Amino acid sequence: MWAGGVWRAALSGAPRGRRAQSALAQLRDILEAELEGIRGAGTWKSERVITSRQGPLIHVDGVSRGPGTIIFPGLPLPCLSCCVHLSPTSGILNFCANNYLGLSSHPEVIQAGLQALEEFGAGLSSVRFICGTQSIHKNLEAKLACFHQREDAILYASCFDANAGLFEALLTPEDAVLSDELNHASIIDGIRLCKAHKYRYRHLDMADLEAKLQEAQKHRLRLVATDGAFSMDGDVAPLQEICHLASQYGALVFVDECHATGFLGPTGRGTDELLGVMDQVTIINSTLGKALGGAAGGYTTGPGPLVSLLRQRSRPYLFSNSLPPAVVGCASKALDLLMESNAIVQSMVAKTQRFRSKMEAAGFTISGASHPICPVMLGDARLASCMADDMLKRGIFVIGFSYPVVPKGKARIRVQISSVHSEEDIDRCVEAFVEVGRLHGALP
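Residues numbered from 1 in each chain as written. Predicted model: local features only at pLDDT ≥ 70, side-chain atom pairs only at ≥ 80, totals over all residues. Heavy atoms only, no water.

**Q** Explanation requested: the overall build of the protein chain in the structure shown.
**A** Helix and strand counts for the protein chain come out as 15 helices and 15 strands. Along the longest, intermediate and shortest principal axes, the C-alpha atoms of the protein chain span 85 × 55 × 50 Å. Taking all 444 residues of the protein chain together, 51% fall into the buried category. On the protein chain, roughly 20,000 Å² of surface is accessible, and the fraction owed to carbon and sulfur atoms is 55%. Measuring between centres, the 42 positive side-chain charges of the protein chain sit 7 Å from its 44 negative side-chain charges. (Helix = DSSP H or I, 4+ residues; strand = E, 2+ residues; numbered from the N terminus. Buried < 20%, exposed > 50% of the residue type's maximum accessible area, 1.4 Å probe, protein only. Areas by Shrake-Rupley, 256 points an atom, 1.4 Å probe, with all protein chains shown as cover. Lys, Arg positive; Asp, Glu negative; His and termini not counted. Charge placed at Lys NZ, Arg CZ, Asp CG, Glu CD.)

**Q** Would you take a moment to explain the pattern of salt bridges for this structure?
**A** Proximity of charged atoms lets side chains of opposite charge pair with each other. Per the stated rule, a full pass over the model turns up 19 salt bridges. Across the pair Asp 272 and Arg 150 runs a salt bridge, and its minimum N-O distance is 3.2 Å. Highlighted residues: Asp 272 in helix H9 (residues 271-274) and Arg 150 in the loop between helix H4 (135-148) and strand S5 (152-156), separated in sequence by 122 residues. In this structure, Asp 427 engages Lys 358 in a salt bridge whose closest nitrogen and oxygen atoms are separated by 3.9 Å. Here Asp 427 is found in helix H15 (residues 423-439), whereas its partner Lys 358 is found in helix H13 (residues 343-362), with 69 residues between them in sequence. Accessibility expressed as a relative area gives 19% for Asp 427, which makes it buried. Its relative accessible area of 34% is what places Lys 358 among the partly exposed residues. One connected set of salt bridges, linked through shared partners, spans Arg 128, Lys 138, Glu 141 and Arg 311. (Salt bridge = Lys/Arg side-chain N within 4 Å of Asp/Glu carboxyl O.)

**Q** Explain a nonpolar patch on the surface to me, please; I cannot follow it from the model alone.
**A** Together, Leu 24, Leu 27 and Leu 31 give the surface a local cluster of nonpolar side chains, amounting to about 260 Å² of exposed area. Relative to the helices and strands, Leu 31 is located in helix H1 (residues 2-40). For Leu 31, a relative accessible area of 45% gives the class partly exposed. (Patch = residues over 30% accessible without salt bridge, like charges linked within 9 Å, V, L, I, M, F, W, Y side chains within 5 Å.)

**Q** Which parts of the structure should I look at to understand the packing of helix H5 (residues 159-170) against helix H6 (residues 185-193)?
**A** Close contact between H5 and H6 brings their axes to 7 Å; oriented N to C, the two are set at 30°. For the element pair H5 / H6, the angle class is roughly parallel. Here H5 and H6 pass one another in a crossing that is right-handed. Across the interface between the two elements, Phe 160, Asn 163, Ala 164, Phe 167 and Glu 168 of H5 pack against Ser 186, Ile 187, Asp 189, Gly 190, Ile 191 and Leu 193 of H6. Among the residues making up the contact of H5 with H6, the classes are represented as six nonpolar, three polar and two charged. (Axes fitted to C-alpha atoms, helices over the stretch in contact; angles between N-to-C directions. Parallel < 35°, antiparallel > 145°, perpendicular 65-115°, else oblique. Left-handed = near helix turned anticlockwise from the far one by under 90°. Contact = heavy atoms within 4.5 Å. Nonpolar A, V, L, I, M, F, W, Y, C, P; charged D, E, K, R; others polar.)

**Q** What am I meant to see in the packing of aromatic side chains here?
**A** Each aromatic ring pair is described using two quantities: the centre-to-centre distance and the angle formed by the ring planes. Applying the stated rule across the entire model yields five aromatic pairs. The interplanar angle of 70° and the centroid separation of 6.1 Å between the aromatic rings of Tyr 156 and Tyr 317 together place this pair among those described as edge-to-face. Taken together, the positions of Tyr 156 in strand S5 and Tyr 317 in helix H11 (residues 315-318) put the pair 161 residues apart, joining distant regions of the chain. For Tyr 156, a relative accessible area of 3% translates into the label buried. Here the aromatic residues Phe 355, Phe 364 and Phe 433 are joined through ring pairs into a cluster of three or more. (Phe/Tyr/Trp six-rings, centres within 6.5 Å; stacked < 30°, edge-to-face > 60°.)

**Q** So what exactly am I meant to see when it comes to the sheet that holds strand S4 (residues 92-94) here?
**A** Strand pairing within a sheet occurs via backbone hydrogen bonds; the two strands may be parallel or antiparallel. As summarised here, the arrangement of the three strands in space is S1-S4-S13, forming an open sheet in which the pairing is mixed. On the outer flanks of this sheet lie strand S1 (57-58) and strand S13 (396-397), each paired with one strand and no other. Where S1 lies against S4, two bridges are found, and the strand directions are antiparallel. Paired with Leu 57 across the two strands is Leu 93, which belongs to S4. (Pairing = 2+ DSSP bridges.)

**Q** Would you explain helix H7 (residues 206-215) in this entry?
**A** An α-helix turns once per 3.6 residues; consequently, residues spaced three or four apart project the same way. Among the residues of H7, those classed as buried are Met 206, Asp 208, Leu 209, Lys 212 and Leu 213. Looking straight down H7, one finds its buried side chains confined to an arc of 155°; they lie on one side. On the buried face of H7, the contacting elements are strand S6 (176-180), strand S7 (197-201), strand S8 (222-227) and helix H8 (239-248). Sitting at the head of H7, Asp 205 places a side-chain oxygen 3.1 Å from the backbone nitrogen of Ala 207. (Arc of directions from axis to C-beta. Polar contact = N/O pair within 3.5 Å; in protein donor to acceptor, adjacent residues only side chain to side chain.)

**Q** I would appreciate a short explanation of unusual backbone geometry in the present structure.
**A** The bulk of non-glycine residues show a negative phi, and the bulk of peptide bonds are trans. Looking along the chain, the bond that leaves Tyr 403 and enters Pro 404 is cis, with omega of 10°. Phi at Ser 125 is positive, roughly 65°, even though this residue is not glycine. Looking at the secondary structure, you find Ser 125 in the loop between helix H2 (107-120) and helix H3 (128-131). With a relative accessible area of 66%, Ser 125 lands in the exposed category. Phi at Leu 204 is positive, roughly 60°, even though this residue is not glycine. Looking at the secondary structure, you find Leu 204 in the loop between S7 and H7. Exposure remark for Leu 204: the relative accessible area of 27% places this residue in the partly exposed category.

**Q** Where do I start with helix H10 (residues 304-313) in this structure?
**A** All buried positions along H10 are accounted for by Gly 304, Leu 306, Val 307, Leu 310 and Arg 311. For H10, the buried positions fall inside an angular range of 165° around the axis, keeping them on one side. Seen from the buried face of H10, the exposed residues on the opposite side, beyond 90 degrees, are Pro 305, Gln 312 and Arg 313.

Right under this line is the structure:
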């Protein structure tokens, strides 16, 4: 009987096993067809392997160039301690990182991270309301609120999480959110999660925004949501006009400042400082993973009651571990360095203009204006990818951007200027673009 039971179980299990294998085979076929379609469209995204710390000069696996030195201009450090010397095989010029201020490999930032790791450990092993929060997290939140001249701030694992957690906690079915059509994917996803009425206005089109605001007057709260600087195109939201319309129609303003915090505005406060509307923007979300140390982490800063509500209801905050102490230490020191001197911020303006003017003079079309994000518009996805590969052969690390990251037919190579790029670095990058552009027919 026992043997027969085992036999019957084995027989009954065999078809299930075959069905499971068949389902897996079907899944593989579907996935391979999808992947082949991506390859065939020329939009396959390969990941290059960097074997060094981030900086204007990096190691790339399988590629080597000449020696170099990273200089951190304008920061209050003695000469010998503010240089990171690279080995003779590390001279690939990096022009695609969000390392706007060059602080991801700054010696004081690294030391602050090591000190925080030693003092506070690797992490709390849970979320903040369960295992408690640490003093360094509270100190950084207070520092961020002070930096942005807001009442309070709350840390997240990323700004993607900050955007995912804001709208659902703040807005109800009685409310409305009005979003620029080219907002970052994290804003779009965050808005999808909330139950508010959703309006999308044409990119930077203030007449369309006004029409949507008029239509949304029937709702309780109206929140205009926009990137401060749009990461794919390098253009800046017209915050003066947005804030004027928001005031006229009784709306609030939310700005994602990931590609502005630390380097736009006279002291790097962002687009609201750049355009003189710091007192008119209600909520700011931004990141610690770009200009402020380059590791990870995001935050929301704004009215005190809003931040308190997010601590109670924001799901990415409530259900994600607190930021690792080393990340907090690095970001805090990066913020200190930024607030001590704005020389590093000012150095970016001339370098950005140098690259843009030289590229345009060579015949390239550069999207946006004045922002260190400098998209070299090429249109064709395969052309962007091939040119980026040939740029790497010439010692320049850039990446081609294509659908679905950008709209079809708007492929580009997005160049990003850092304050630690020298004028010689910029000129070398332009020369390589001209050479590769002619090779591929992008220039006459």
